[in-house]
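Analysis of the macromolecular model
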Amino acid sequence: MKFIKKNLIIFIKNEKMIFFLMLLCIFTSSFIIDFSYGLYQNFHVIKAEEESELYEFEIPFNNDLNGNYAAKEAVKSTLLTFSEKLNDSIDMYLVLPHLDEIPADKYGNTNIRFTIKNGAIAPCKIYKDNLKKYGTLIEGEYFSDAQEANGDNVVLIFNGDISNKLMVKDDKISFQGKLYDVIGIQKMHPIIVPFNSLNEDTPINTILFHFKKPVTRSQYNEIKEIFSNNFGEIASIPDLDIPESENYYLYNTIILISVMIAVLAAVNFAVLYKYILSKRTKTLSIFRICGYTKRKALTLFLSECMFISVPVFVLTTLIYHKAVLPVLAKRFEYIESAYSLKLYLTIFAIYLLSSLTVTGIMIYFSFLRKTIIETKGGK
């Protein structure tokens, strides 16, 4: 213990600048590790609270059926202008067409669902699976990919009054001036037909977008811009409070930079200590000649590192907690709640273990692995 203190006193007297740089490295590592952890936890609390839990939203159309309205053809062409990334994120489109033959106030809404794959309209797999899963499809089969893509006149008819109104034969109904083949019976909507089979001038009252994951700001902005440009005031686009995803990237960038700085500071500490040891090769050689084992030498040098690191790390943490953290809390709302005594001890243990490991490896390969002659530089 006395020898360690003596070495440190001599070192401080002879190498003031190097000692200052070592303290700076420890201070920097300690401060940034504390800050990075708090920022990381603050980021995750914000993300959990602000991340949109909205999986769907709809756009109603203010249609004037005698003038300007959103027709099926215009809605379809608009959806096909979405980016591939946006279409891949949407697992269901739902439209409510205006159908004179099936008034909603009498028979309920006719909802037509589909997806877009490879730039083409395709059946909605989720809806298809749910029809079977919950027993809504009484008999028959949902229409195929080819039937949806081609806009075939096929229908899943409702088992009720609407069937009697539209049915012209046992297996056909008359709808939009066309004959539709009945391929199944369901108990959910008046009729279910492929979106592509609707007449091109069919008014669309509402379109709903259902996403695989919570809606992001960029997805919402893309839809809003495209529908605003194509439909103007007809489209009643809702204002959604969705957090900016760019903020998450900012947090991630700050955390990454902080970690890199902390790692570099730890490496610099090891390099500086290597410089100190390089000036003590004669002493090290004498130790080894006198029977000082490599393990004892390594323990000695790591103890010196601890004598420097531990007080500085603890002092830096105290300064951070008492003086810096209250200031940061004004900018980062949840950062204070991230810390506890147990957490600080854990951070300290991780820092000490990692820094001593790096320094120990450096000492072994730079000095202890060599012979006495090599350590003395061949003299």
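Look up a bit, the structure's there.
So, here is what we can say about the structure in this document.

Cut-offs used in this document
- Residues numbered from 1 in each chain as written.
- Predicted model: local features only at pLDDT ≥ 70, side-chain atom pairs only at ≥ 80, totals over all residues.
- Heavy atoms only, no water.
- Helix = DSSP H or I, 4+ residues; strand = E, 2+ residues; numbered from the N terminus.
- Buried < 20%, exposed > 50% of the residue type's maximum accessible area, 1.4 Å probe, protein only.
- Contact = heavy atoms within 4.5 Å.
- Areas by Shrake-Rupley, 256 points an atom, 1.4 Å probe, with all protein chains shown as cover.
- Phe/Tyr/Trp six-rings, centres within 6.5 Å; stacked < 30°, edge-to-face > 60°.
- Pairing = 2+ DSSP bridges.
- Axes fitted to C-alpha atoms, helices over the stretch in contact; angles between N-to-C directions.
- Expected span 1.5 Å × (residues − 1).
- Core = buried A, V, L, I, M, F, W, Y, C linked by side-chain atoms within 4.5 Å.
- Patch = residues over 30% accessible without salt bridge, like charges linked within 9 Å, V, L, I, M, F, W, Y side chains within 5 Å.
- Salt bridge = Lys/Arg side-chain N within 4 Å of Asp/Glu carboxyl O.
- Polar contact = N/O pair within 3.5 Å; in protein donor to acceptor, adjacent residues only side chain to side chain.

1. Focus: the overall build of the chain
A tally of regular secondary structure across the chain gives 14 helices and 11 strands. A burial count over the chain gives 44% of its 379 residues as buried. Nonlocal contacts in the chain, meaning residues at least 24 apart in sequence, comprise 76% of its contacts between residues at least 6 apart. Accessible area for the chain stands at about 20,700 Å²; split by element, carbon and sulfur atoms hold 58% of it.

2. Details of the packing of aromatic side chains
Scanning the model with the defined rule gives 21 aromatic pairs in all. On the basis of an interplanar angle of 40° and a centroid distance of 5.3 Å, the ring pair of Phe 57 and Phe 209 is categorised as tilted. Of this pair, Phe 57 sits in strand β1 (residues 56-60) while Phe 209 sits in strand β11 (residues 204-211); the two residues are 152 residues apart in sequence, bridging distant segments of the chain. For Phe 209, a relative accessible area of 0% puts it in the buried group. Look at Phe 209 and Phe 227: their rings are 5.7 Å apart centre to centre, the planes differ by 85°, and that puts the pair in the edge-to-face class. Of this pair, Phe 209 sits in strand β11 while Phe 227 sits in helix α9 (residues 217-231), and the two are 18 residues apart along the sequence. As far as the burial class goes, Phe 209 and Phe 227 line up, both buried.

3. Remarks on the pairing of β1
Of the two faces of β1, the one holding Phe 57 and Ile 59 is buried and the one holding Glu 56, Glu 58 and Pro 60 is not buried anywhere. As judged from the 5 bridges shared by β1 and β11, these two strands associate in the antiparallel manner. Note that in β11 the partner of Phe 57 across the bridge is Phe 209.

4. Examining the sheet that holds β1
Taken together, 5 strands build an open sheet; the order of strands is β1-β11-β2-β3-β4 and the sheet is antiparallel. Edge strands, defined here as strands with exactly one partner in the open sheet, are β1 and β4 (120-122). Across this sheet, the average inter-strand angle for adjacent strands is 30°, counted without regard to direction. Inspection of the sheet shows strand β2 (residues 90-97) paired to strand β3 (residues 112-117) by 3 bridges, in the antiparallel sense. Looking at the pairing, Tyr 93 lines up with Phe 114 of β3. Here α9 sits on the sheet and contacts β1, β2 and β11; the angle it forms with β11, its principal contact strand, is near 160°.

5. Details of α9
Counted at 1.5 Å a residue, the expected span for α9 with its 15 residues is 21 Å, and the 21 Å between its end C-alpha atoms agrees. Residues of α9 that are buried: Arg 217, Gln 219, Tyr 220, Ile 223, Ile 226, Phe 227 and Phe 231. Check the buried side of α9 and you find it contacts β1, α3 (72-79), α4 (84-89), β2 and β11. After α9 finishes, the residue Gly 232 shows a positive phi value of roughly 60°.

6. Focus: the nonpolar core
In this structure, Phe 61, Leu 79, Phe 82, Ile 207, Phe 209, Ile 223 and Phe 227 are the most contacted members of the largest nonpolar core, which totals 43 residues. Considering every element that reaches this core, the biggest residue donor is α9, with 5 residues. Excluding residues that lie within four positions of it along the chain, Phe 61 makes contacts with Ala 70, Val 75, Ile 204, Asn 205, Thr 206, Ile 207, Phe 227, Phe 231, Ile 234 and Ala 235. By size, the runner-up hydrophobic cluster in this structure holds 39 residues, among which are Leu 272, Ala 297, Ala 338 and Leu 352.

7. Describing a nonpolar patch on the surface
Taken together, the side chains of Met 17, Phe 20, Leu 24, Phe 27, Leu 315 and Ile 319 define a hydrophobic patch exposed on the protein surface, amounting to about 590 Å² of accessible area. When residues of the nonpolar patch are traced back to their parent elements, those giving at least two are α2 (16-50) and α12 (294-329). It is α2 that contributes the most residues to the nonpolar patch, 4 residues altogether. Relative to the helices and strands, Ile 319 is located in helix α12. For Ile 319, a relative accessible area of 40% puts it in the partly exposed group.

8. Notes on the pattern of salt bridges
Inspection of the entire model under this criterion finds 5 salt bridges. One salt bridge connects Glu 200 with Lys 72, and the closest N-O pair in it is separated by 2.6 Å. In this pair, Glu 200 is assigned in the loop between β10 (191-192) and β11 and Lys 72 in helix α3, connecting sequence segments 128 residues apart. On the basis of relative accessibility, which here comes to 1%, the residue Lys 72 falls in the buried class. Asp 129 serves as the salt-bridge partner of Lys 125, at 2.8 Å between the closest nitrogen and oxygen. Here the residue Lys 125 and the residue Asp 129 both occupy positions in helix α6 (residues 125-133), the gap between them amounting to 4 residues, near one helical turn.

9. Let's talk about the side chain of His 189
For His 189, the location among the structural elements is in the loop between β9 (178-186) and β10. Relative accessible area serves as the criterion here: at 7%, His 189 is assigned to the buried category. One polar contact links the side chain of His 189 to the main-chain carbonyl oxygen of Asn 109, over a distance of 3.5 Å. When near neighbours in sequence (up to four residues on either side) are disregarded, His 189 contacts Asn 109, Asn 111, Arg 113, Tyr 127 and Phe 158.

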